[in-house]
Number of protein chains: 2
Amino acid sequence: MPAHSGLAELARRLHRLDHARAMLKWDEAVMMPAGGSEARAAALAELAVLSHETASRPEIPEWLEQARSTLAAAADADAAALERANLNEFERTWRETVVLPSDLVARSTLVTVRSEHAWRSLRPRNDWAGFRPHLEAVLAVKREEAAIRAEAGGLDPHDALIELYDPGTRSVMLDGVFGDLRSFLPDFIATVVERQRSEQVIPLEGPFPIRAQRELALEMMTHLGFDFDRGRLDVSHHPFCGGAPGDVRITTRYNEDDFARSFMAVLHETGHARYEQGRDPQGSGEPARRARGMGVHESQSLFVEMQVARSRPFLVFAAPIMRRHFGKAESTPGWGVDNLHRLYTRVHPGVIRVDADEATYPMHVIMRYELEKALLTGDLPVADLPLAWDEKMRAGLGLATGDDHRDGCMQDVHWAAGLFGYFPSYTLGALIAAQLMAALRREQPNLDEDIGRGEFGTIGTWLDRHIWSRGSQLSTMELLEAATGSALDVSFFCQHLERRYLRS
Amino acid sequence: MPAHSGLAELARRLHRLDHARAMLKWDEAVMMPAGGSEARAAALAELAVLSHETASRPEIPEWLEQARSTLAAAADADAAALERANLNEFERTWRETVVLPSDLVARSTLVTVRSEHAWRSLRPRNDWAGFRPHLEAVLAVKREEAAIRAEAGGLDPHDALIELYDPGTRSVMLDGVFGDLRSFLPDFIATVVERQRSEQVIPLEGPFPIRAQRELALEMMTHLGFDFDRGRLDVSHHPFCGGAPGDVRITTRYNEDDFARSFMAVLHETGHARYEQGRDPQGSGEPARRARGMGVHESQSLFVEMQVARSRPFLVFAAPIMRRHFGKAESTPGWGVDNLHRLYTRVHPGVIRVDADEATYPMHVIMRYELEKALLTGDLPVADLPLAWDEKMRAGLGLATGDDHRDGCMQDVHWAAGLFGYFPSYTLGALIAAQLMAALRREQPNLDEDIGRGEFGTIGTWLDRHIWSRGSQLSTMELLEAATGSALDVSFFCQHLERRYLRS
């Protein structure tokens, strides 16, 4: 941010504090012994306070104004565009930071930390009565926060929270998109389920040694362009992508009886990782080099996992490698490409979101989106959530959850942790991934042949040009339109599903 | 630090920033991919700046004064003693922090970082001519620093640097102690070398699988009381003990042909680790709960490695465990207790400090102490260092280094990294360890029987009472006197050597 040295210094400090926090969180999930948790929580809280102090320095509004005047007089248009994006992003996060009174931040942190902690022990016990007061307390502070943010930003309260994860995304747009999906998916799912009923699918027989699973994962990451000089693969309870652009840490979890889950998780996280490795290759830490938002991030992971890795051409390439790592032959029952492809494209409505296939997944997101909206407006009291959940689940996927709160409304950590407004990003990501793939295919009609040969260079170059290298310089929708030539359009996703599940 | 809420808050912040820095440094040495180094260095520098800002807040002198008045009026004597120690330690580090002008800190950091970096590539190439200007630049800023610190603290310049690692330790005392060692060691070493010449020693034959080495290390750490709920064992290029009291991270490095090096390194680091796990078990972060200094820290590692682990009784206990991990029998040549004890108590003058046995090690330290004193006064120009080194090495251990700078005056990172004043701690630690062991033996005449049965509880309890739990509440010499009933006395170390090497 050359336009103002004071802002540049603050941005640099924030970037470096982010590095420290990201690495400490990775360590907490991957390395830390149990007894270290209290000291770690204290250290992370301190860094959060330091970031907050830095991001809310009283000089910022004046500095922003000075920087904008300097910029107005700048000659170099390209540099000015990047710099304008830097200032916009800096200002956006500054506004997000200072708008909340510090007593609300403190209360909110306390309530959500307690609630998430309680959820970890109450969910396995199916203890809705124990969890309900926590969720009520979280909802209360989140409604307070949403009202303040909505007022300041001239937004609907739900949108004011969605904005934190996906800047620029609005309910009015999501209502349209989700409406289209609601009209398409239920019949589609029913058709596919019926069609797949007659398919012969041979389950793969383990055990699959963890060492072999890890070797397979590392080999695939290498093919997909993961840069091991600037990243690692480790193990944690839940797979995630963390770290910093020059040092991206992804994780997975191995199960000796089922390698596919870990394998697909690694491919998914590799999608996130390449975005992280590509968005700020010089490690400048400039605000406009940050990832655009959760929707775009999820589009990158789903691009690899859903658009590429579950495709038939990918399995043509990957199957021999998989067999080699597990000592199987092409003739071993189940290990041929046809069966593998059937295995990895099963559509099966279930009650658990994280286990859902790409066709049923949006139904899980849409019902959460509707429920959290009703919770935030107050139309749905927390006490009625289990019933409302069960109804939505029956209506959307034909499944009852009843009193199984563990796998019903207590299944996700998001609300327990205060992440209202986060869920839409998952489906936004799936739609963007499909639209990006359609655009890339128009430019590269032979893409499937490349994929079948394990040549992913074209994909990386294209995503880098259109997504990674652009950071936060455009809004999500501008980014999508610049990359694909059209506004967000559900039909690309629907066409992808039809081609994969009805025509293959 | 209940005597002043402002100071308490600063101390807490500093403690938490220390946690973050320690973990990021551990990660850098153990986990980080090469490409992450630039971003990591920047993040660590930022945290150092934040710590410096916190530790030099202008309100501190006033707050210290207020706290001292509050304390003078306090009724509870024990609490007041702890609190006084907290204030003393806070004030000491505050004075150390604010005494240097910030431009000197910046220049010094730049010069030492560059020099250490250069040393890493120049040492393997034996490139003294390339390294010399770096060392000159480091020495120049260190002399500047020493002069300022000396002036402020009323100390000799060398002492002002030693004070940073071992508060309260002075050259006048070291001169006496090192003089005693100089009179004792050369003849002693010659006698032992002569005596060992006729010993039959059977080298152990590998390979020693790394997995077995790690299992052996973990089992030994458990016997020695390492708390795995609050710590880990990993691998790094150089063994070290890092992390924070609730989460102590030690490392080692495995070599398939030689397990003993890694084994002894783990035992050594376990000594450091137990001090870290014991000094602040509640994780209060109070200044008086910090480790006392490098000399006391080294005494804890050498207590385990030298006083305990290389003793015959320990090997009586450990030999069957070692054999079990490597699938050897008592009758396998070399694997009996007698031979193992001979192997781990060889005295052999060599040019490399880190490879030295406990008898020759002090000679390495003393020559460095004398050389760095001459470098700091200016009596020895850097250009003459290789010659002076060679002379000292001949005089002390009868070995020539000549033009082999790599294994001569370029062998250690310390001076390259600006750590003038650090070396004496190593030998101070060895002396303290011997003196502590002598005191413990007076109280526990049957200690060897406990050690022979693998019962280390007595040792842990005693060290906790006299060293770990006392943190920085006393000075090094007060701590030693309180634990052993006498001032620092070289004779305990000499008697230990005589008993082990001449009478066993």
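Given the structure is predicted, the values throughout are model-derived calculations rather than measurements.

Glancing now at the packing of helix α1 (residues 5-30) of chain A against helix α3 (residues 60-72) of chain A. Residues and elements named next belong to chain A. Where α1 meets α3, the axes come as close as 9 Å, and the angle between the chain directions of the two elements is 120°. Between α1 and α3, the interaxial angle falls into the category oblique. Taking contact as the criterion, the partners of G6, L7 and L10 in α1 are, on α3, I60, W63, L64 and A67.

Residues and elements named next belong to chain A. In terms of residue burial, helix α7 (residues 157-165) counts as a mostly covered element, since 7 of its 9 residues are buried. Residues of α7 that are buried include every one of H158, D159, A160, L161, I162, E163 and Y165, and no others. Contacts made by the buried residues of α7 are with α4 (77-98), α6 (128-153), α8 (171-197), α11 (294-309), α14 (361-377) and α16 (424-443). At the N-terminal end of α7, a side-chain oxygen is found 2.9 Å from the backbone nitrogen of H158, two or three residues along, and the residue is D156.

Another aspect to go through is the sheet that holds strand β3 (residues 247-252) of chain B. Residues and elements named next belong to chain B. Spatial ordering of the open sheet is given by β1-β3-β2, a layout of 3 strands whose pairing is mixed. Only two strands of the sheet have a single partner each, and these edge strands are β1 (231-235) and β2 (241-244). Shown here is a sheet whose adjacent strand axes are inclined to one another by a mean of 20°, direction ignored. Sheet analysis places β2 next to β3, joined by 4 bridges and oriented antiparallel. Opposite A244, over in β3, you have D247 as the bridge partner.

This part is about the side chain of E358 of chain B. Residues and elements named next belong to chain B. Looking at where E358 falls in the secondary structure, it is placed in the loop between α13 (337-343) and α14 (361-377). Take E358: its relative accessible area is 6%, and that puts it in the buried class. Side chain to side chain, E358 and R500 meet in a polar contact 2.8 Å long. Among all residues touching E358, those that are not within four sequence positions of it are M306, F493, H496, L497, R500 and Y501.

All names here are of chain A. Each domain of chain A was delimited in the assignment, giving domain 1 (1-98) and domain 2 (210-349 + 429-486). Distance between the C-alpha centres of domain 1 and domain 2: 28 Å. Summed over both partners, the interface of domain 1 with domain 2 comes to about 1,600 Å²; 61% of that surface belongs to carbon and sulfur atoms. Joining domain 1 to domain 2, the criterion identifies 1 salt bridge. Linking domain 1 with domain 2 are 3 residue pairs in polar contact (both at pLDDT 80 or more), by the criterion used here. Contributing elements (two or more residues each) for the side of domain 1 that touches domain 2: α1 and α4. Among the residues making up the side of domain 1 that touches domain 2, the classes are represented as 12 nonpolar, 4 polar and 3 charged.

Thresholds, definitions, all that
- Residues numbered from 1 in each chain as written.
- Chains lettered and ligands numbered in written order.
- Predicted model: local features only at pLDDT ≥ 70, side-chain atom pairs only at ≥ 80, totals over all residues.
- Heavy atoms only, no water.
- Axes fitted to C-alpha atoms, helices over the stretch in contact; angles between N-to-C directions.
- Helix = DSSP H or I, 4+ residues; strand = E, 2+ residues; numbered from the N terminus.
- Parallel < 35°, antiparallel > 145°, perpendicular 65-115°, else oblique.
- Contact = heavy atoms within 4.5 Å.
- Buried < 20%, exposed > 50% of the residue type's maximum accessible area, 1.4 Å probe, protein only.
- Polar contact = N/O pair within 3.5 Å; in protein donor to acceptor, adjacent residues only side chain to side chain.
- Pairing = 2+ DSSP bridges.
- Domains from an automatic or database assignment.
- Buried area = accessible area lost by both parts, 1.4 Å probe.
- Salt bridge = Lys/Arg side-chain N within 4 Å of Asp/Glu carboxyl O.
- Nonpolar A, V, L, I, M, F, W, Y, C, P; charged D, E, K, R; others polar.

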